[in-house]
Structure formats: structure tokens, C-alpha cells
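What follows is each chain in one-letter form.
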Amino acid sequence: MTNLLPEMAEIWQQTLNWQPTVQEQAQFQKLYELILEGNRQLNLTRITDPQEFWEKHLWDSLRPIAPLLSANFSPTLLLPGTSASPALIDIGTGAGFPGIPVTIIAPNCTMTLMDSTRKKITFIDNILTELALTNAKTIVGRAEEIGHHPQHRLAYDIALIRAVGAASVCAEYTLPLLKPGGLALIYRGNWTDEETRGLENAVDQLGGIIEAIEQFTTPLSHSIRHCLYLRKVAKTPANFPRAVGIPSQKPL
């Protein structure tokens, strides 16, 4: 018997002012099945229970981006000054979160899913084919290297980063990739004022500001989550990001 994801239409509506279409729900279900299948070989996630998967992978991926979507959460990312088709990158995408759920609900965007593990990217390529997601592509790479690549530096409107290192490390990975005025979304669990003060120093060196820090509670397990929104307001100095391994060994 297939494990069915819950639909949760009411919760989507209450928390994001949106709910998935029949097609999007089918894509979420297919994504879930492909992850369960891929888990046998790749150890992609410990989260396999349908409700937990819905909350910790689908809802958790989409909640931080909700403020950037239009009022009725139609599939249009609203970004002042950006093109009709915003370019997004998901750094260290792993099993495809948050990038794949965002790609499903925002077909007007172009998504680059990046991970340093080739096996994971091969798996994600298969998911994109199975879900017919033509607005996404993949890249095998490390943030420290692609941050200096002319094809990627200054190329993105939004950078997403979830479950990858300390916040100052995430800032160093994301800000060099953003266009002027672009936005980095750093997904966190708990967060403190002290951490904010530490992050401010790092972000300042990278040409950014902390535009907002949003706290919210997950709808089923009532866990605390935060999203840090960093806006690129100045040029990132050419020496950032530093060489592979340095950002995490010596955070700004």
C-alpha cells in the first residue's frame, strides 16, 4: 500500500494563505514516493512518516518563502525590481529541500539545485524528470567555488540555504551569488539575539544587511522555526567566499 501524504488544505490556507492545486498535491505525493524509494540506497532523510514529511519537508520548505509570493499566493514570486522570472539557487539541497517544493509551487521561477555530492544530484535529476519540472536544473559543486564562478556570482535574485552550517557561513555562501538587491533566506530552528549580533558583523563584511528575522511555529509538532532574510545592499568583496573549508573553520 502506498503511503499517502495528508492534504492539509486548511492548514496551508491558514498559515500560507494558499493551498496546493490537484496537480501540485500529486507532485508532492510523487516526490514523497521517490524520496522513500531513493532512501534505500542514499540515506536521504530520516523523516519518512507521511505527516512528519509533510510538516518538516514540505511545509517547512515553503513557509519562509510565503512572504515573497503574491497576496493570493498565486505562483508568482513578487520581488521588487526583479525580472518576471526570478532566478533562485538552493545551496546544499541534499534531498531537494527546500528547492524542489519551491519549484513546484512557483513555476515562474528558475531554480538551480546545488550539492557537492554527485549521487544526490543524480537522484535529483531523476526527480526533476519524474515530476516534469522543466524550470529547474542541477549543479554539482561547492559554494566556496561557485561563488567565484562568473556564471553564478551575481546571478541570482534569491538564495535558499537550509541545514548548512552556522548562519555566518550561510551568509558567506549566499551573498556573493546574489544580484544587487537580492535576498538570501537562511532556514534555522532556534535563534537568539546574541546570534543576531554576531551575524550582523559577518553580513556587513559581505555587503548585506539583516532585513528581517521571522519566527514561526510548525503547525503539527509546534516546533519553533526562524528564517533570516539577508538583503544584498553593496558589492561583496572579491575575496569572498574564502577557499573551501575556511568559512566553516573560521566563521566571520
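Parameters and conventions
Residues numbered from 1 in each chain as written. Predicted model: local features only at pLDDT ≥ 70, side-chain atom pairs only at ≥ 80, totals over all residues. Heavy atoms only, no water. Helix = DSSP H or I, 4+ residues; strand = E, 2+ residues; numbered from the N terminus. Rg over C-alpha atoms; globule rule 2.2 N^0.38 Å. Buried < 20%, exposed > 50% of the residue type's maximum accessible area, 1.4 Å probe, protein only. Contact = heavy atoms within 4.5 Å. Areas by Shrake-Rupley, 256 points an atom, 1.4 Å probe, with all protein chains shown as cover. Lys, Arg positive; Asp, Glu negative; His and termini not counted. Charge placed at Lys NZ, Arg CZ, Asp CG, Glu CD. Expected span 1.5 Å × (residues − 1). Polar contact = N/O pair within 3.5 Å; in protein donor to acceptor, adjacent residues only side chain to side chain. 1 Å grid on protein atoms, 1.4 Å probe; cavity = no way out; pocket = protein on both sides within 12 Å on 5 of 7 lines; lining within 4 Å. Points joined across faces, edges and corners; volume = space filled by probe spheres on them. Nonpolar A, V, L, I, M, F, W, Y, C, P; charged D, E, K, R; others polar. Salt bridge = Lys/Arg side-chain N within 4 Å of Asp/Glu carboxyl O.

Let's talk about the overall build of the chain
Item 1. Looking only at helices and strands, the chain has nine helices and seven strands in total.
Item 2. The C-alpha radius of gyration computed for the chain amounts to 17 Å, which stays within 12% of the reference 18 Å derived for 252 residues, consistent with globular compactness.
Item 3. Projected onto the principal axes, the alpha-carbon positions of the chain cover approximately 55 × 35 × 35 Å.
Item 4. Of all 252 residues assigned to the chain, the portion counted as buried reaches 55%.
Item 5. Residue pairs in contact within the chain that sit at least 24 positions apart in sequence constitute 68% of those at least 6 positions apart.
Item 6. As displayed, the chain has an accessible area near 11300 Å², and 51% of this comes from carbon and sulfur atoms.
Item 7. A distance of 7 Å separates the average location of the 21 positive side-chain charges in the chain from that of its 24 negative side-chain charges.

Brief notes about the environment of I158
Item 1. Note that I158 resides in strand β4 (residues 156–162).
Item 2. The exposure class assigned to I158 is buried, which follows from its relative accessible area of 0%.
Item 3. Residues I158 and T174, 16 residues apart in the sequence, show an inter-C-alpha distance of 8.8 Å.

Re the side chain of T196
Item 1. Its location among the elements puts T196 in helix α8 (residues 193–205).
Item 2. Those residues in contact with T196 that sit more than four places away from it in its chain are W191, I210 and I213.

Topic: helix α2 (residues 22–42)
Item 1. Here α2 contains 21 residues, and its C-alpha end-to-end distance of 29 Å stays within 8% of the 30 Å for a straight helix at 1.5 Å per residue.
Item 2. Contacts from the buried residues of α2 go to α1 (9–16), α3 (50–62), α4 (99–105) and α5 (118–130).
Item 3. After α2 finishes, the residue N43 shows a positive phi value of roughly 55 degrees.

Section: unusual backbone geometry
Item 1. Note that the residue after F97, namely P98, is joined by a cis bond; omega there is 5 degrees.
Item 2. Looking at the secondary structure, you find P98 in the loop between β1 (87–91) and α4.
Item 3. Backbone torsion omega between F240 and P241 reads -5 degrees, so that peptide bond is classified as cis.
Item 4. Looking at the element boundaries, P241 is found in the loop between β7 (224–232) and α9 (246–249).

Looking at the side chain of S61
Item 1. Relative to the helices and strands, S61 is located in helix α3.
Item 2. Among the residues examined, S61 registers a relative accessible area of 0% and is labelled buried.
Item 3. Polar contacts involving the side chain of S61 include one to the main-chain carbonyl oxygen of H57, which spans 2.5 Å.
Item 4. Once residues lying within four places of it in the same chain are set aside, the contact partners of S61 are F97, P98, P101, V102, R162 and Y187.

Thoughts on the layout of surface pockets
Item 1. The space that makes up the largest pocket amounts to roughly 720 Å³.
Item 2. Lining the largest pocket are 35 residues, and of these G92, F97, R162, A163 and V164 lie nearest its centre.
Item 3. Of the residues belonging to the lining of the largest pocket, the class tally is 13 nonpolar, 11 polar and 11 charged.

Some remarks on the pattern of salt bridges
Once the charged atoms of two side chains with opposite charge are near each other, the side chains can pair.
Item 1. Within the structure shown, the criterion is met by nine salt bridges.
Item 2. With a shortest N-O distance of 3.6 Å, K30 and E130 are connected by a salt bridge. Of this pair, K30 sits in helix α2 while E130 sits in helix α5; the two residues are 100 residues apart in sequence, bridging distant segments of the chain.
Item 3. Residue classification places K30 among the partly exposed residues on the basis of a relative accessible area of 31%.
Item 4. A relative accessible area of 41% places E130 in the partly exposed class.
Item 5. In the salt-bridge network here, residues are joined through shared partners; they are D60, R162 and R225.

This is a description of form; function is not addressed.
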